Amino acid sequence: MQIANNNQVEDWELSGKVESIDYTGKTLELKYALKSKEAISQFILNKQDIKLKIKNIKSELRFKKIICRFDFGEYSISEQEQKDLADFQMDVYDEVTIQMIDGEFDMFKVIFEYALNKSKIPMSTLIDINHHPDDLIQYCKYFVDMKPSNTRWIYHKIDSNVQRYRAITGILSKASIDYFLTACRLRCSIKNFENIDVSVIARGYFGFKGCCLEYDPNKKNRKGKKVGFSPTMDILNLETCEWERIPNKNYRKNRAGNYLILDDADTTTKTLEKIPKIKNLFEHLKKL
């Protein structure tokens, strides 16, 4: 499965809510930048407005589940602020996501267990995959004991982090805990396989149940105006599982089409290995 992100909602809003897709049964992950104490406070103060927006998105686009993740940047978020954001999620989203901040596993456990004791909705976790494999194994063993509804992991290049991916999948696949990959890029960038889609590898080779692309807000110039669209755009060729660059004709429609292609793609190993280049890539990964 493919998890939708802010882009799908923004594209719908920018179209005047005219060109919408039926997202029945699908999941939406919304990313929020909260890079200061003031930003967190304002976010929590806006709870009713955010709650209403989530309700409208769910009603009009028919998402089954809406979840969130936060980008704190360089801000050192306090224990109380993490608890406040956990409480916030319990009343707004369909799942509470507890993030590990700066590799602080002990604090993560405090917040997770705090929310677990209060929440009446499912619990999930979010951790950057860029940790030592031994640490990742420790985290996964904790999840086996605590049994979150699912885990999400922040993407990093596959070839230079392959042991980290193996550490996660080796435990969670046997424990029947769903694991997802978020903040993905389009292309895997592995030498000789540069254009192959990241989610195809994550789902087909490592067994991730679903993936979500990174959300990058529209760039603005120094005057605060949005920078124009690129003259080219990417489209996924499902026959090769590679991204191709084409002229930009209808960026938003193309992005929606790519989402649907990824969501419907058969990423079983048996199917993917019928594509020679994918089979060669999987053989390459086995040697790393």
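The rules behind these values
- The written sequence of each chain sets the order in which its residues are numbered from 1.
- In view of the model being predicted, local features appear only for residues whose pLDDT reaches at least 70, and side-chain atom pairs are presented and counted only at 80 or more, with totals across whole chains, interfaces and linings using the full set of residues.
- Think of the side-chain values as coming from all heavy atoms in the structure, minus any hydrogens and water.
- Put simply, buried Ala, Val, Leu, Ile, Met, Phe, Trp, Tyr and Cys residues joined by side-chain atoms within 4.5 Å make one nonpolar core.
- Buried residues are those whose accessible area, probed at 1.4 Å on protein chains only, stays under 20% of the maximum for their type, while exposed residues exceed 50% and partly exposed ones sit between those limits.
- Any two residues whose heavy atoms approach within 4.5 Å at even a single point are treated as in contact.
- Numbering of helices and strands runs from the N terminus, with a helix taken as a DSSP run of H or I at least four residues long and a strand as a DSSP run of E at least two residues long.
- Strands are treated as partners if at least two bridges between them are detected by DSSP.
- For a crossover, the right-handed case is the one in which the path from the first strand over the helix to the second runs clockwise, viewed with the strands pointing away from the viewer.
- Angles shown run from 0 to 180 degrees and are taken between the N-to-C directions of axes, each axis being a line fitted to C-alpha atoms and, for helices, limited to the stretch in contact.
- Each angle receives one of four descriptions, namely roughly parallel if under 35 degrees, roughly antiparallel if over 145, roughly perpendicular if within 65 to 115, and oblique otherwise.
- In this scheme, a crossing is called left-handed if the near helix is turned counterclockwise away from the far one by less than a right angle; it is called right-handed if the turn is clockwise.
- Residue polarity follows a fixed list, in which Ala, Val, Leu, Ile, Met, Phe, Trp, Tyr, Cys and Pro are nonpolar, Asp, Glu, Lys and Arg are charged, and the others, Gly among them, are polar.
- Salt bridge criterion: a side-chain nitrogen from Lys or Arg within 4 Å of a carboxyl oxygen from Asp or Glu.
- Expected span of a helix, by definition, is 1.5 Å for each gap between consecutive residues, and there is one gap fewer than residues.

Novice: Residues and numbers for the nonpolar core, please.
Specialist: Within the largest apolar cluster, 48 residues are counted, with the highest numbers of intra-cluster contacts made by I98, F108, W153, L181 and I201. Ignoring anything within four residues of it in the chain, the contact list for I201 reads I158, C188, I190, I196, F206, L281 and L285.

Novice: Can you lay out the pairing of strand β7 (residues 178-184) for me, pointing to particular residues and giving the numbers?
Specialist: Across the seven residues that make up β7, a large majority, six, are buried. Examined bridge by bridge, strand β6 (residues 150-154) and β7 share five bridges and lie parallel to one another. When the bridges of β7 are listed, N150 appears paired with D178. Taken together, β6, helix α7 (residues 162-175) and β7 constitute a β-α-β crossover, and its handedness is right-handed. Taken together, the three bridges between β7 and strand β8 (residues 210-213) define a ladder with parallel strand orientation.

Novice: I'd love a proper account of unusual backbone geometry, names of residues and values included.
Specialist: Its identity as a non-glycine residue notwithstanding, S176 has a phi of 60°, on the positive side. Assignment of secondary structure puts S176 in the loop between α7 and β7. For S176, a relative accessible area of 67% gives the class exposed. Here the phi dihedral of C241 falls at roughly 60°; this positive angle occurs in a residue that is not glycine. As for its position among the elements, C241 is in the loop between β9 (232-237) and β10 (242-247).

Novice: An account of the packing of helix α5 (residues 105-118) against helix α6 (residues 133-146) is needed here, citing residue identities and associated values.
Specialist: Contact pair α5 / α6: the axes reach a minimum separation of 12 Å and the direction vectors enclose 15°. The angle between α5 and α6 places the two elements in the roughly parallel class. Judged by the sense of rotation from one axis to the other, the crossing of α5 with α6 is right-handed. In this structure, α5 uses F105, F108, K109, F112, E113 and L116 to contact α6, whose residues at the interface are Q138, Y139, Y142, F143 and M146. Residues belonging to the contact of α5 with α6 are distributed by class as follows: eight nonpolar, one polar and two charged.

Novice: Which residues make up the pattern of salt bridges, and what values go with them?
Specialist: As enumerated under the stated definition, the model contains 22 salt bridges in all. One salt bridge in this structure joins D106 and K109, with 3.8 Å as the shortest N-O distance. Placement of both D106 and K109 in helix α5 is noted, with a separation of three residues, approximately one turn of the helix. On the basis of relative accessibility, which here comes to 24%, the residue K109 falls in the partly exposed class. Here K209 makes a salt bridge to D178, at a shortest N to O gap of 3.2 Å. Of this pair, K209 sits in the loop between α8 (198-204) and β8 while D178 sits in strand β7, and the two are 31 residues apart along the sequence. For K209, a relative accessible area of 43% translates into the label partly exposed. Since its relative accessible area comes to 30%, D178 is described here as partly exposed. Because the salt bridges share partners, they merge into one network encompassing E29, K31, R69, R152 and E214.

Novice: So, the sheet that holds β8: which residues are in play, and what are the values?
Specialist: Note: strands within a sheet are paired through backbone hydrogen bonds, in either parallel or antiparallel orientation. Sheet architecture is open: six strands sit in the order β1-β8-β7-β6-β5-β4, paired in parallel fashion. The strands lining the two open edges of the sheet, one partner per strand, are β1 (2-3) and β4 (96-99). Looking at chain direction, β1 and β8 are connected through two bridges and run parallel. For Q2, the partnering residue across the bridge sits in β8 and is C211.

Novice: Now, about helix α4 (residues 79-90): what can you tell me, with residues and values included?
Specialist: The end-to-end C-alpha distance of α4 is 17 Å, a good match for the 16 Å that twelve residues give at a rise of 1.5 Å each. Among the residues of α4, E81, Q82, K83, L85, A86, F88, Q89 and M90 are the ones counted as buried. The inward-facing, buried residues of α4 contact α2 (37-45), α3 (47-61), β3 (65-71), β4 and α5.

Novice: Requested: an account of the packing of helix α1 (residues 6-14) against helix α9 (residues 251-264), with residues and values cited.
Specialist: Between α1 and α9, the shortest axis-to-axis distance is 10 Å and the interhelical angle comes to 145°. Judged by the sense of rotation from one axis to the other, the crossing of α1 with α9 is left-handed. Here N7, Q8, D11 and L14 of α1 lie close against α9, whose contacting residues are R252, R255 and Y259. Counted by class, the contact of α1 with α9 contains two nonpolar, two polar and three charged residues.

Don't take any of this as a statement about function, it's just geometry.
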